[in-house]
Amino acid sequence: MPDLAGLTDYLADAERLFVLTGAGISAPSGIGTYRNHEGDWQRSDPIQHQDFLKRSEARRRYWARSMRGWPAFRDAQPNPAHRALARLEQAGRVQTVVTQNVDGLHQQA
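Residues numbered from 1 in each chain as written. Predicted model: local features only at pLDDT ≥ 70, side-chain atom pairs only at ≥ 80, totals over all residues. Heavy atoms only, no water.

Describe in detail the packing of aromatic side chains, supporting the description with residues and values.
Tallied over the entire structure, the rule returns three aromatic pairs. Taken together, a centroid distance of 6.0 Å and an interplanar angle of 80 degrees make the contact between Y34 and W41 edge-to-face. With relative accessibility at 44%, the residue Y34 sits in the partly exposed group. Ring centres of Y62 and W63 lie 4.9 Å apart, and the angle between their planes is 85 degrees; this geometry places the pair in the edge-to-face category. In this structure Y62 comes out as partly exposed when scored by relative accessible area, which is 36%. A relative accessible area of 49% places W63 in the partly exposed class. Connected via pairs of aromatic rings, a cluster forms that spans F52, Y62 and W63. Between the NZ or CZ atom of R35 and the centre of the ring of W41, over which it lies, the distance is 4.1 Å. (Phe/Tyr/Trp six-rings, centres within 6.5 Å; stacked < 30°, edge-to-face > 60°. Buried < 20%, exposed > 50% of the residue type's maximum accessible area, 1.4 Å probe, protein only. Lys NZ or Arg CZ within 6 Å of the ring centre and 35° of its normal.)

Quick look at the structure:
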């Protein structure tokens, strides 16, 4: 169980926050992650850019996977973590949010 009191104290003491997020923040919104909690791949390896450019088979695989995964992205909504970060930004507590995610949920929140 996370130490909510410790997080609350840290946030209260911090003047400016920089937040870095990844796939884990959007998992509760129904968007799967590539790795499990131990860091192991949960799916087949991602398609590499050069492979995508050189091989039509790789492009077909990419687009097939994209079509299968699209409904999760389309239907996802910001979760409490996205909304909490948005509130901290609006309050001027978070100066910068950097995310690896391309789901747009930070912006929607």
